[in-house]
Amino acid sequence: MKIGKAIDKLLYEDADAALDLAPSEEILYVTGRHWLILMARLIIPLIGIGLFGGIAFYRAIGGGFLVTDTGEPIGFDLFNILLVLIEAVLLLFWVALWVRGGKDPNPGRVLLAANLAVLALIYFRYNGGRIFYIDPGRFFGQAFDPLNLVFISLAIVSLFSIFLIVYDWLNDELILTNRRVVYDNDQVFIPRLIERRVQEQIFIEEIQDVVATTKTYLQHWFQYGTITIKSARIGGNIVFHGARNPKEMQRRIMAQVNENRRKRTETDLEKMVEARVYNEPPPKVKRPLPPVKPRWDWLSWLLPANPEVNAEKETVIWRKHWVFLLRGLFPPFAMLFVGWIIVVLLGSWGLLPTVWMTVLIGALLIAFVLWSLWEVEDYRNDIYILTPTNIIDVEKKPLGPEDRRTASLGAITNVSFETTFISNLLGYGNVVVETAGGGGKFTFNHVPNPRDVVAMVNEYYVMFKRSEKERSLNDMLELLRHYHLAQQRHHELLPMNGTGANEPTPATQSLAGAPPTTAATVLAPAVSPVQTAATMPVSTEQQLHPATDPNLAVTQTATDSVHSVRPGKEQSSA
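Residues numbered from 1 in each chain as written. Predicted model: local features only at pLDDT ≥ 70, side-chain atom pairs only at ≥ 80, totals over all residues. Heavy atoms only, no water.

Caption draft 1: Structural detail: the environment of F464. Among the secondary structure elements, F464 is positioned in helix α12 (residues 450-489). Overall, F464 belongs to the buried group, its relative accessible area being 7%. In this view, F464 contacts P388, T389, S408, L409, G410 and R471; residues no more than four positions away in its chain are not counted. (Helix = DSSP H or I, 4+ residues; strand = E, 2+ residues; numbered from the N terminus. Buried < 20%, exposed > 50% of the residue type's maximum accessible area, 1.4 Å probe, protein only. Contact = heavy atoms within 4.5 Å.)

Below you can see the structure in the form of structure tokens.
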């Protein structure tokens, strides 16, 4: 029980370190691989420790292999009789396979080789030889000879691989937050130093179904299996094999999906009513932008800010890591260095006059400057842009062609990043943005801090989807408003009760003695004053003289027309 709690604590700590959470985001649940998955992965290194360590120990105490002249009696002993029985079984299988025939000759060849090997061992032991034989006097000094050092090294490597496998097992987890589900997969070479991390994620809004399966009795008994998180995109599902308590993770994800839908619906409706009915514009939500780090202005022409932030337009621009600028500048520097050495050597040997040396060195400097400027401009022109509505990938050659790809944030289906052993050391990686339709993948190659880039794209995506949903709700409200106006035009609005008067509401009573209103009056702020008045019928007890209040006069006139019945029926008295 204590071991399980300790493992859960380690999983949560690694999940917190693996994700860059948004200000309103929190980790709800984390699950990892089952301990049986760890045991299965440890079989090979444990065999390696036993095999290589056992051979090293056996040779250290004076053991030898396939030893002749042991002084043992010749003939058939118990072990040789056992080998004869094994040979008989192998021979029987080989004959049966030969009689049946078949298109694939490899099984027959393997059985034939095994028969020959067993026959050789029987003959070797029959003549007094032994496969294993311990004689410290005969095999003295084997403990630290080169061969034994190789076996000891292999045993140490197997032991170290056990540590890496356990660490890697602890760093593979499925993470649920209140905004997304993330599959964090670490491939560890040196812990905390050289790791290759790949993350896949699905936003809560995109989840369609979660499937938890236990396909075998062993999985059912030990409560582990496969979690499949399905989304609307093609090939965008997350599959997590060997998960602990898959049904619990399934339950929590679906609970969060339902809770998110409910909260978003309530919040969006409240904002819609406030903004569209009561003319109170919703507060503008500022997108979180990465902090602008102070830098020297004179260096901006060579190394612009990365990321480059425009707070006014809320855009973020990334370029490749500065290492790739250095890689681009390496060829011109190499050309200048090698060319300078060649010119100096030719001049020192008297093969070039001084004038020609000066001309060649000047040409080298001009070529170096032009080439370097080309590489710097090429580095600056390859950019990845994130705007409140789009992602843009620009590849442009200096003074040349440009390849610009654009996709809407609404088309994004997945955002992930990949790092290698070297890129993890230097702090860069590739961010892959998958989009629906024919847009394909957008790959932000070699960007610094790829996890921060993924977090920023996620934040912009969520805000875009929310604004998109708000636009949809506003369209629905606009449809209801036009429906209400159509009812007015066709004289289909009926009173709320049989007396011809509408029930008063607190909102209408607060209008300085204004008469009660219909339920449709709630939509009044979204229309013109005349249309608003047309939706406010006045009872006879509360009618005012038109001269005292022009608005109420318009209201009364509109009420008389509204309360007229449909064509062909008697009109009701006001």
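Caption draft 2: Structural view of unusual backbone geometry. Each neighbour pair has its own omega, and for N306 with P307 the value is 10°, a cis peptide bond. Mapped onto the fold, P307 is located in the loop between α8 (246-277) and β10 (308-310). Although it is not a glycine, E314 adopts a positive phi angle of roughly 55°. Tracing the backbone shows E314 in the loop between β10 and β11 (315-318). Backbone geometry at H446 places phi at a positive 60°, although glycine is not the residue there. Summarising the element assignment, H446 is placed in strand β17 (residues 441-448). Taking the relative accessible area as the measure of exposure, H446 reaches 22% and is therefore partly exposed.

Caption draft 3: Here's a closer look at the packing of helix α9 (residues 322-348) against helix α10 (residues 354-381). The N-to-C vectors of α9 and α10 enclose an angle of 175°; their axes lie 9 Å apart at closest approach. What the angle tells us is that α9 and α10 run roughly antiparallel. Across the contact of α9 with α10, the residue classes tally to 21 nonpolar, 4 polar and 1 charged. (Axes fitted to C-alpha atoms, helices over the stretch in contact; angles between N-to-C directions. Parallel < 35°, antiparallel > 145°, perpendicular 65-115°, else oblique. Nonpolar A, V, L, I, M, F, W, Y, C, P; charged D, E, K, R; others polar.)

Caption draft 4: Expanded view of the pairing of strand β15 (residues 412-418). Along β15, 6 of the 7 residues are buried, which leaves the element largely enclosed by surrounding structure. Bridging between β15 and strand β16 (residues 428-435) involves 6 bridges; their strand directions are antiparallel. Looking at β16, one finds that I412 is bridged to T435. (Pairing = 2+ DSSP bridges.)

Caption draft 5: Representation of the sheet that holds strand β12 (residues 383-386) in the model. An order of β10-β11-β12-β13-β14 is seen for the 5 strands of this open sheet, with the pairing classed as antiparallel. Strand pairing shows two members of the sheet lacking a second neighbour, β10 and β14 (402-408), which therefore form its edges. Taken over all neighbouring pairs, the strand axes of this sheet differ in orientation by 15° on average, direction set aside.

Caption draft 6: Spatial organisation of the sheet that holds strand β9 (residues 238-244). Pairing in this open sheet of 3 strands is antiparallel, and the strands run β7-β8-β9 from one edge to the other. Looking at which strands have only one partner, the edges of the open sheet turn out to be β7 (207-213) and β9. Between one strand axis and the next, the sheet turns through 20° on average, direction left out of account. Pairing analysis gives 6 bridges linking β7 to strand β8 (residues 224-231), with the strands arranged antiparallel. Its bridge partner lying in β8, I207 is registered against S231.

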